[in-house]
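This is what each chain is made of:
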Amino acid sequence: MTGKILSILLIEDNEDHAELVKRSFEDNAVANKIRHLRDGEEAYKFLFENRTIYDEGNMPNLILLDLRLPKIDGMEILKQIKTEEKLKNIPVVILTSSHAEKDLIAAYSNYANSYLVKPLDFSKFTQLMKDLGFYWLGWNINPFKTSE
Amino acid sequence: MKKFNPDNENHIHESKISFEKFRDFSGSNSLGSWELDFEKKQFRLDPMMRNTFRINEELFVYDYDAWWSRVHDDDKYLLTEVLNEIQNGKNSYEVEYRHQFDGENYVWIKNYGYVIERFPDGLVKLLKGVYLETTKEKESKIALEESEKRFRTLYENMLEGVAIHKLVLDENDQPIDYILLSVNPSFTKHTGIDDSEIRGKLATEIYKTNPPPFLDIYAEVAITGKPTQFTHYAPSVKKYFTISSFSPEKSYFATVFQDVTEQKTLSEALEKRIVSLTQPLEDDSEIKFEEIFNIDEIQKIQDAFSTATGVAALITDSKGVPITKPSNFVRLCNNIIRKTDKGLKNCMYSDRIIGKANPNGPTYQPCLSGGLWDGGTSITAGDKHIANWLVGQILDESISKEKMLEYADIIGADKEDFRKALDEIPMMSREKFKQICDALYLIAQQLSKLALQNINQARFISQQKKSESIIQKQVNELEIKNAELERFTYTVSHDLKSPLITIKGFIGMINTDVANQRYDRIGSDMRRISNAADKMQNLLEDLLELSRIGRIVHPASIFSFSDAVNEALELLFGLIHARGVSVYVEENMPVIKADKPRIREVIQNIIENSIKFIGEQPNPKIEIGSKKTNDNVIFYIRDNGIGVEEIYLKKIFGLFDKLNPESEGTGIGLAIVKRIIELHKGEIWAESKGINKGTTFYIKFENNINE
């Protein structure tokens, strides 16, 4: 993972949780670019209205998505991403505190690539972020061309 | 030209190849070639056909007549025609007919023939061709035709109106209309819309409504394939229709409708009858004889009784007003006494007295009007007296005609006519009359029992109906409550976990930082932990508050909304002052009956919310006012703050739904407000013209104060 720009789009309304995710990534040198969007509407505008996302280097390699978001629901954002031809190949990992089965089923039905529940325990939380980063940005192979 | 020879292996081989080609082409399995030699009068068949047509005989060369005899009699004419055409110059033909190859069974064959050689005079010398067995296709085609015919007959003759349609979608695949493809004669009969007029026309065009009738329902059927049924009242023709709709294939749908007006009217009448019968017996409302019995049937019984016994008969209500038509009334009573005002009044009075409830037996006594012998018995339902059955209008030896004539003067009737009519009155011994009255009493007793049974039955049905609807209502309420509870636990578990993740996460961060001797961000991390703990405390307090709303109810009192507003403003004085908000309150707002502390809480919450989202407004302002109509009182709290985008106006009342993740507060405040208003059977909603255009909250109460 040397020299590659690995960018993550983090869609999370809880400022503290976003900070925890960012620090876990930074401490483990998982990604070198994290863009944080704070609610569903902001995410929607960035993904579907602001066309610069399609510019070279702006396309995220991974999207981390919380489900309970103000204004536009996370599930709705997921649906939109997975039905947009240009975005649907980006892995979307649901990162939520909900254990609810209906969320789990809905997420996979809408083609989420993975579903993770935020661990309460700090060491588990950082371990998860590390594994998550290495797996999706390292081991996993995507059909789309990542910017070198 | 090569001659066909059954023994020539080579030829067979060749023809086999061409058959196979043809077989591929035709998709059929049974094929064979033949030739018809008009010179030798022979019909020769390809030996291959032995297998295909299951021929046991060794023979492959028939004389012409033998071959012809095996053609099905019904097809001979057709074949003759074809052969004539050939003789007259046509060079090839195609015909389908039945032939008996094995001497037993007819098979359908398609015969393709062509002329090989002609005599000099032009007549055919040699004809060749191939056979293709089509029995299966033909049979299934016939079966299909028959079933089509059967279906067609049903379609044409059924009493239900049937129409077949195709759904029309717009460019976004949204259903907008439908095309009528076909309707049956019953449809035309009911609607006046003829099959020839509708073919391929749009429903909007035909029914002159847009959207066309039941588009939503039909679109669902045509798209999902799920059949449906509903009842519709057509006011223009005053008829009820049951409409069933199903989809024979995607985007097509058929509708079948049936006139159910008669059933509907009957069941409505029955319903009405049950309702009227089941009013409690104790209450003052009358139970009517007509509602318990079929009057036509009772009339028949009364007429038969009267004819059999030779006495006049009539059934009246408990006040003496006739319910049935009189049977066998004598002219004296019907045309003379009852035609005078005084006479009729006396007759009704007498009927009431003679028929009065007497459980022990019939009454008989001279009529209190004319003085003829009358008898009567009452009909009851339980302890209610519902009717009188009266008989009589006879004379016995004891009655003095002279004395009766005086009555003509009293009521003002023509004396001569009165006398004549008096002579027409039948005579009967008193003993005989008493026997008739006893029989009448027994019949009336039975009718009384029947009346009580009918009422009890109706009451039972109505009680059952009532309890069924109560149960259904409770089930529905329970389902709503359940769904509410599910949503509640879901959000609570989610939102209570969030601060915990923060707390544990940043404690972990601090530990790591301390271990790495990085102290720069410990302070800010501690603040995050502390804020998260505060947030959790607020959440728990608000949740407790929310759970109290339904449980702790203050008694409702009558107060002016202004009082509740003033109390709330006092509590919020500090906040209002700190933000420099001007508050304008309408004086003497209407009075409502409600839980005052809760209403105060609602006002407080909304004002707090307004101040929280007042934004950068240089002149922050809140207006509180009211509007009263006949049925409702509406209060409003209007601010000039940051406003809400229209799409989120409903979301703001949801539990934990915050539009701005950074705003303080738990997201429970407006959920509490909504819950309180709902418990008061009121309505609450917010309106806003958009960002920075301010927000207005409306609270509507039913006008529950009688002033």
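Comments concerning the sheet that holds strand E1 (residues 7-11) of chain A
All names here are of chain A.
Moving on, step 1. One open sheet accounts for five strands, arranged E2-E1-E3-E4-E5; its pairing is parallel. The outermost strands of the open sheet, each flanked by one partner alone, are strand E2 (33-37) and strand E5 (114-117). Each adjacent strand pair in this sheet contributes to an overall mean axis angle of 20 degrees, direction not counted.
Moving on, step 2. Here helix H3 (residues 74-83) sits on the sheet in contact with E1, strand E3 (62-65) and strand E4 (92-96), set at roughly 155 degrees to E3.

Comments concerning the interface of chain A and chain B
Moving on, step 1. Across the contact, 21 residues belong to chain A and 20 residues belong to chain B.
Moving on, step 2. Looking at the side of chain A that touches chain B, the elements with two or more residues in it are helix H1 (15-27) and helix H5 (122-139) of chain A.
Moving on, step 3. Tallying contributions element by element places H1(A) first for the side of chain A that touches chain B, with five residues.
Moving on, step 4. By residue class, the composition of the side of chain A that touches chain B is six nonpolar, five polar and ten charged.

Digging into unusual backbone geometry
Residues and elements named next belong to chain B.
Moving on, step 1. In this structure, the amide linkage connecting Asn 210 to the following residue, Pro 211, adopts the cis form with an omega of 0 degrees.
Moving on, step 2. Here Pro 211 shows up in the loop between helix H8 (203-207) and helix H9 (215-224).
Moving on, step 3. The phi angle at Phe 214 is positive, at roughly 55 degrees, despite the residue not being glycine.
Moving on, step 4. Structurally, Phe 214 is set in the loop between H8 and H9.

Description of the pairing of strand E20 (residues 621-628) of chain B
All names here are of chain B.
Moving on, step 1. Inspection of the sheet shows strand E18 (residues 582-585) paired to E20 by four bridges, in the parallel sense. What sits directly across from Val 583, in E20, is Ile 622.
Moving on, step 2. When E20 meets strand E21 (residues 632-639), the two strands line up antiparallel, connected through seven bridges. Bridge pairing in E21 places Ile 624 opposite Ile 637.
Moving on, step 3. Count of turn residues in the E20/E21 antiparallel hairpin: three residues.

Points about helix H12 (residues 295-309) of chain B
All names here are of chain B.
Moving on, step 1. Helix length check: H12 (15 residues) gives 21 Å between terminal C-alpha atoms against 21 Å at 1.5 Å per residue, within 8%.
Moving on, step 2. Here H12 has its buried residues at Ile 298, Gln 302 and Thr 309. Projected onto a plane normal to the axis of H12, the buried residues spread over an arc of 50 degrees and lie on a single side. Residues of H12 that are exposed and angled more than 90 degrees away from the buried face: Asp 296, Glu 297, Ala 304, Thr 307 and Ala 308.
Moving on, step 3. Where H12 is buried, its residues meet strand E13 (312-317) and helix H17 (430-515).
Moving on, step 4. Directly after H12, the chain includes Gly 310, whose backbone phi takes a positive value near 80 degrees.

Structural notes on the nonpolar core
Moving on, step 1. With 45 residues, the main nonpolar core has Leu332(B), Ile379(B) and Val391(B) as its most contacted residues.
Moving on, step 2. The element that contributes the greatest number of residues to this core is H17(B), accounting for eight residues.
Moving on, step 3. Those residues in contact with Leu332(B) that lie beyond four places of it in its chain are Ile337(B), Gly370(B), Phe418(B), Ala421(B), Leu422(B) and Ile425(B).
Moving on, step 4. Membership of the second largest hydrophobic core comes to 35 residues, among which are Ile8(A), Val21(A), Leu69(A) and Val92(A).

So, how was this worked out
Residues numbered from 1 in each chain as written. Chains lettered and ligands numbered in written order. Predicted model: local features only at pLDDT ≥ 70, side-chain atom pairs only at ≥ 80, totals over all residues. Pairing = 2+ DSSP bridges. Helix = DSSP H or I, 4+ residues; strand = E, 2+ residues; numbered from the N terminus. Axes fitted to C-alpha atoms, helices over the stretch in contact; angles between N-to-C directions. Contact = placed C-beta atoms within 7 Å. Nonpolar A, V, L, I, M, F, W, Y, C, P; charged D, E, K, R; others polar. Expected span 1.5 Å × (residues − 1). Buried ≥ 20, exposed ≤ 12 C-beta atoms within 10 Å, placed from the backbone. Arc of directions from axis to C-beta. Core = buried A, V, L, I, M, F, W, Y, C linked by C-beta atoms within 7 Å.

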